[in-house]
Amino acid sequence: MKINQAKEYFELGIITKFYAVRDIKPGCWILCIEGQQDKNWTLQTALGKTKVFATLDTLTREIETIMGSHVSSIAFAI
């Protein structure tokens, strides 16, 4: 899913959750998006490749861009 579609889906209430998954490259993260009816996506680049984030800070800023508001907390699962 590209960022413009993610923004639209968030505004429509289709997106229900964001979560970060470690990429195979050490220290990198992938933004996963969960939606209604068990739909799942990863955030994609303009070229259609999975977007990889070097830090959780940059991933969080991307979520804030999609939501149009501030992320107030992040939860971690083991």
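Residues numbered from 1 in each chain as written. Predicted model: local features only at pLDDT ≥ 70, side-chain atom pairs only at ≥ 80, totals over all residues. Heavy atoms only, no water.

K.L.:
So what exactly am I meant to see when it comes to the overall build of the protein chain here?
P.N.:
The number of helices and strands found in the protein chain is 2 helices and 4 strands. Based on the C-alpha atoms only, the size of the protein chain along its principal axes is roughly 35 × 30 × 25 Å. Sorting the 78 residues of the protein chain into buried and exposed places 28% on the buried side. The contacts of the protein chain with a sequence gap of at least 6 include a subset with a gap of at least 24, amounting to 37%. With an accessible surface of roughly 5500 Å², the protein chain has 54% of that area assigned to carbon and sulfur atoms. (Helix = DSSP H or I, 4+ residues; strand = E, 2+ residues; numbered from the N terminus. Buried < 20%, exposed > 50% of the residue type's maximum accessible area, 1.4 Å probe, protein only. Contact = heavy atoms within 4.5 Å. Areas by Shrake-Rupley, 256 points an atom, 1.4 Å probe, with all protein chains shown as cover.)

K.L.:
Is there a simple way to explain the state of the cysteines in this structure?
P.N.:
Covalently bonding the sulfur atom of one cysteine to the sulfur atom of another cysteine gives a disulfide. Across all of its chains, the model carries 0 disulfides by this definition. Considering cysteine sulfurs only, Cys32 is the nearest to Cys28, which forms no disulfide, with 14 Å between them. Overall, the relative accessible area of 12% leaves Cys32 in the buried class. (Disulfide = S-S within 2.5 Å.)

K.L.:
I tried to follow the environment of Gly27 on my own but got confused; where do I start?
P.N.:
Relative to the helices and strands, Gly27 is located in the loop between β1 (15-22) and β2 (29-35). Taking the relative accessible area as the measure of exposure, Gly27 reaches 37% and is therefore partly exposed. C-alpha of Gly27 to C-alpha of Leu43: the two residues are 16 residues apart in sequence and 18 Å apart in space. Filtering out sequence-adjacent residues up to four positions away, Gly27 remains in contact with Arg22, Phe53 and Ala54.

K.L.:
Sorry if this is basic, but what is going on with the pattern of salt bridges here?
P.N.:
It is possible for side chains of opposite charge to pair when their charged atoms get near one another. In this structure the tally under the stated criterion is 1 salt bridge. A salt bridge links Lys51 to Glu62; the nearest nitrogen and oxygen atoms lie 2.7 Å apart. In this pair, Lys51 is assigned in the loop between β3 (40-42) and β4 (52-53) and Glu62 in helix α2 (residues 56-67), connecting sequence segments 11 residues apart. Residue Glu62 is classed as buried on the basis of its relative accessible area, which comes to 13%. (Salt bridge = Lys/Arg side-chain N within 4 Å of Asp/Glu carboxyl O.)

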